[in-house]
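The lines below spell out each chain.
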Amino acid sequence: MAIETIHRPGALKQTNKSHKHGKHTSKRELERLAKGKVNLKTLTRRPNRQQSRDERRQQAVQLRKNKRQEAIALKRAIGGALTAPFLTCVLPLNVMIDPNSALAFIQGCDPEATVTKVSERIRYMNVPRFRQRFSFVVPEVGHGRELNVLDTLKVCDSVVLLLTAAAGDSDEMIDKFGAKVLNMALTQGLPTPMVCLMDLQSINPKKRTQTKANIQKVVSSILPDEKLMELEKLTDGLNLLRRIGGQKRRVMHNRSNRPHMLGEKVEYVANVPEAGQDRPMGTLKVTGFLRGVPLSVNQLVHIPGLGDFQLQQITSPTDPYRMRKLEDGEMSSAEERAPIVADTQLQTTLQRENIPNEMDAEQTWPTEEEIAASRDENKKKIIKRVPKGMSDYQASWIPDIVEEDEDDDDEDDDEDDDDEEHMSCESDTESKVGDRDSEDDSNQFDQISVSDDGPVSADRYDKEIDMEEERATLAMIQAAKVDEIFPDEIDTPADKPARERFMKYRGLESFRSSPWNVKENLPFDYARVYQFKNFDHTKRRIVREAQQKEGDDVAMPGWYVQLHVQNVPQEAWSAYLSTGNGERLIVYGMLSYEHQMSVMNVCLKRTQNSTIPIKSKERLIVQCGYRRFIVNPIYSQHTNGDKHKYERYFRTGMTVVATFFAPIQFPPSPILCFRENPDTSLSMVASGSLLSCNPDRVVLKRVVLSGHPFKINRESATIRFMFFNPEDIAYFKPCKLRTKLGRVGHIKESLGTHGHMKCVFDSQLKSHDTVLLYLYKRVFPKWTYEDCIVSCRPDGDRESACSTSKSERSVTFKAKVEMMQE
């Protein structure tokens, strides 16, 4: 039997070390210190635990239910008995198609349907079978009416594209006008499309299947998801109505975020003339169905072709297109609604520009008055060589000879384009030499035309050619090619010190990381614009408030209302009527801040059929969302970072960011850019979308001074032809040098008095290398904003348009026929 021994401590008691917790605290201690409180990060953190199968199924069911409810609510928002009708645009893509014949099939498809013809281009249709209401609008088509069609498509819910099988070849199915309009509409944002084929009965029955297949192939190349529908009989019209009322519609966020209305009835009431009034005013009463989001009577509205206005009141007349007639004694909901009158203290003001305080902050940029005063002081001395006995009237036709010019600074900062001007001069000289050679050849040889029309047609064709425009376009193309081969490289002037020529430029250690103060040396125009602290946050807040707007001063979407637009100039309305658009007016409700001026940055990409380069600060007609205006934008690279390189030319295939002054708009807003042709027509040259309204975008213009190695040592080299005096070398000594082969260096000292300098590089140079010096300066857009609004000349010519600029004066621009759609 074993005896159990018990350990007994001795005289020297052993004490073991306790566990070292360090600076950590146990979980029990943390719970005791928290006393039930939960950390905010722990509370808001998504649980990492795996959901069970039932929880995942319930979550999927709830998400599916929410999406179904949203789809049903979106479908029921229009087309019902108490909502706005389905607004559909009927657009023929060929001049051979008559849209009235298509409307005849649609109107006669249901004998119980009620058709109301408001005008030649707007018709309403109530179909009791579907319990739905439809509205059809036919825009004016033809050459010069492209913008008219685009304005109509902006407010429509769907569009019916009409094709004809009688066009013959499938390539001729869509004519030139139809292809141009369809391309613009797809770029702008095409509503829910439906493609209908007409005149199929005129084709041989044996060829109908193949003809329809060929047309379907062409349609699939443009609209891949659309199936061709026939429109030959009444049942086809009924199927088209069923599809319009039941299909899933595309959500156009630019339109759905703003209240808008297609005015079917327009009435102008002139005001009583007041003492001291410059021009007669009146009230414009526009009647129609309100769509989009709620409209407040205190917010501003925009009418394309007329401008921005305030509302006087909103009334609710009786809906004449209701599904059923009211019984005796029954009162409609519209008759119960009282007129909504605007509050003068809560109305949004029409003030666009900020009124700057000249003593509020330092503005180092000279004002226009100072520039004009300096020009008066430094006038050019002009000499005229006039024969004896010539009168003053005859002497005015003698060209001026400039003796000296003391004002060397260009107002538009085009002094950096000396090489481009030199190329244009060379091209002009070559053209003149070519003209002399052609004259000599015409004296020696007879011209023979190989055309079928004979020499007369060739002479007529030559008379229609604008030779000045041909020479200018050729010079621009040549200058753009030179700038593409030698980007930003210019020659150092030999007759002027470089330190004076490039006084506004500075060197940067790194274009990416070197700092640049965005508030430094701002022009005076930047004090007149508005800026957001956080543009994206403001946009989300404004859109959310517009969708959730409620109150006694608000008209809800779906109401049949009459808007009283106040202070509409009578001469502007008369000119608008002369364009033929008086029976169809479009009104947009503007969101907060959208009438105020700011610096707009838009991303643009050139269209495929546009090949002529666009120079920076060239005049363009821009359609941004619901606005259309004229600006002279500057272009910069679409890159990340806080600085962006300036682009002198907007070439084919490029994607750039255009910067210009314009009223604020919140994205998404599609952008279309048009260029004026010599025949006063417009061609789309670029398209894109709105990025932001931010005046702090830094656009840096770069110039590159080049030098060539004269003597090359191991790590140093003698460079010449970059400067021509020692003072310039000392002035630009702190700037870093780079070469085309990747070497980096700096200026060490000047050699002699003719501009030679000793430079040190990180490795030995090659004899064929070129030394470059990069200089930068910030460029700003010019305040050249002009609204595209119609007006009349003093002699009553309706084929003109006026634009409201910063001085609120009328300006006649050359693209008058296109902007007013004849």
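Heads up: the structure comes first, above all this text.
Residues numbered from 1 in each chain as written. Predicted model: local features only at pLDDT ≥ 70, side-chain atom pairs only at ≥ 80, totals over all residues. Heavy atoms only, no water.

Chemist: Help me understand the side chain of Asp 787, please; the structure alone is not making it clear to me.
Modeler: Tracing the chain through its elements places Asp 787 in strand S37 (residues 786-787). Here Arg 352 takes part through its side chain, which lies 2.8 Å from a polar atom of the side chain of Asp 787. Side chain to side chain, Asp 787 and Tyr 785 meet in a polar contact 2.3 Å long. (Helix = DSSP H or I, 4+ residues; strand = E, 2+ residues; numbered from the N terminus. Polar contact = N/O pair within 3.5 Å; in protein donor to acceptor, adjacent residues only side chain to side chain.)

Chemist: So what exactly am I meant to see when it comes to the sheet that holds strand S7 (residues 229-230) here?
Modeler: Two modes of strand pairing occur in sheets, parallel and antiparallel, and in both the strands are linked by backbone hydrogen bonds. Strand order in this open sheet of seven strands is S2-S3-S4-S1-S5-S6-S7, and the pairing throughout is mixed. Whereas interior strands pair on both sides, the edge strands pair on one side only; in this sheet they are strand S2 (114-117) and S7. In the packing of helix H4 (residues 99-107) onto the sheet, contacts are made with strand S1 (86-92), S2, strand S3 (122-127), strand S4 (132-137), strand S5 (158-164) and strand S6 (192-198), and the angle to S3 comes to roughly 15 degrees. Each of S1, S4 and S5 touches helix H5 (residues 146-155); the most contacted strand, S1, lies at about 155 degrees to it. (Pairing = 2+ DSSP bridges. Contact = heavy atoms within 4.5 Å. Axes fitted to C-alpha atoms, helices over the stretch in contact; angles between N-to-C directions.)

Chemist: Just to check I follow, could you spell out the nonpolar core for this structure?
Modeler: The nonpolar side chains of a soluble globular protein tend to be buried, and buried together. In terms of nonpolar packing, the biggest core is built from 50 residues, with Leu 91, Leu 161, Leu 163, Ile 215 and Phe 674 touching the most fellow members. Apart from residues no more than four positions distant in its own chain, Leu 163 is found in contact with Leu 93, Ile 97, Met 173, Ile 174, Val 195, Cys 196, Leu 197, Met 198, Ile 215, Val 219 and Leu 228. Residues Leu 522, Val 529, Ile 542 and Tyr 785 belong to the second largest nonpolar core, which totals 39 residues. (Core = buried A, V, L, I, M, F, W, Y, C linked by side-chain atoms within 4.5 Å. Buried < 20%, exposed > 50% of the residue type's maximum accessible area, 1.4 Å probe, protein only.)

Chemist: Mind showing me how you'd approach the environment of Pro 569 here?
Modeler: Locating Pro 569 in the fold gives a position in strand S19 (residues 560-569). For the pair formed by Pro 569 and Arg 279, sequence separation is 290 residues and the distance between their alpha carbons is 7.0 Å. Once you skip the residues sitting within four places of it in the chain, Pro 569 turns out to touch Tyr 268, Arg 279, Pro 280, Met 281 and Phe 309.

Chemist: Looking at this structure, how should I read the pairing of strand S10 (residues 281-291)?
Modeler: Side-chain direction in a regular strand flips from residue to residue, so the side chains alternate between the two faces of the sheet. Taking burial as the measure, the eleven residues of S10 include ten buried ones, the bulk of the element. Strand direction decides the pairing type here: strand S9 (residues 265-270) and S10, joined by six bridges, are antiparallel. Within S10, the position partnered with Val 269 by the bridge is Thr 283. Across eight bridges, the pairing between S10 and S19 is antiparallel. Within S19, the residue paired with Met 281 across the bridge is Pro 569.

Chemist: Would you take a moment to explain the packing of aromatic side chains for this structure?
Modeler: What the rule picks out here adds up to 23 aromatic pairs. Relative to Tyr 505, the ring of Phe 502 has its centre 5.8 Å away and its plane inclined at 75 degrees; by these criteria the two rings are edge-to-face. Following the ring pairs from residue to residue traces out a cluster consisting of Tyr 124, Phe 289, Tyr 321 and Tyr 560. Between the NZ or CZ atom of Arg 528 and the centre of the ring of Trp 783, over which it lies, the distance is 3.9 Å. Lying over the aromatic face of Phe 650, Arg 606 brings its terminal NZ or CZ to 5.4 Å of the ring centre. (Phe/Tyr/Trp six-rings, centres within 6.5 Å; stacked < 30°, edge-to-face > 60°. Lys NZ or Arg CZ within 6 Å of the ring centre and 35° of its normal.)

Chemist: Whenever I open this one, helix H7 (residues 208-222) confuses me. Can you help?
Modeler: Count 3.6 residues to each turn of an α-helix, and residues three or four apart come out pointing the same way. With 15 residues, H7 should cover 21 Å at 1.5 Å per step; its first-to-last C-alpha distance of 22 Å lies within 8% of that length. Elements that come into contact with the buried residues of H7 comprise S5 and S6. (Expected span 1.5 Å × (residues − 1).)

Chemist: Help me understand the packing of H5 against helix H6 (residues 176-188) in this model?
Modeler: A packed helix pair is summarised by two numbers, namely the angle formed by the two axes and the spacing between the axes. Where H5 contacts H6, the two axes come as close as 10 Å, and the packing angle between them is 40 degrees. By the angle class used here, H5 and H6 are oblique. Considering the relative orientation of H5 and H6, their crossing is right-handed. Every residue of H6 that contacts H5 at Glu 146, Val 149, Leu 150, Leu 153 and Lys 154 is listed here: Phe 177, Lys 180, Val 181, Met 184, Ala 185 and Gln 188. Its residues placed into classes, the contact of H5 with H6 shows seven nonpolar, one polar and three charged. (Parallel < 35°, antiparallel > 145°, perpendicular 65-115°, else oblique. Left-handed = near helix turned anticlockwise from the far one by under 90°. Nonpolar A, V, L, I, M, F, W, Y, C, P; charged D, E, K, R; others polar.)

Chemist: Explanation requested: the pattern of salt bridges in the structure shown.
Modeler: When their charged atoms lie close together, side chains carrying opposite charge are able to pair. Applying the stated criterion to the full structure yields 30 salt bridges. In this structure, Glu 353 and Arg 528 form a salt bridge, with 2.7 Å as the shortest nitrogen-oxygen distance. You can see Glu 353 sitting in the loop between strand S14 (340-341) and helix H11 (368-377) and its partner Arg 528 sitting in the loop between helix H16 (498-501) and helix H17 (535-547), a full 175 residues away along the chain. For Glu 353, a relative accessible area of 22% translates into the label partly exposed. (Salt bridge = Lys/Arg side-chain N within 4 Å of Asp/Glu carboxyl O.)

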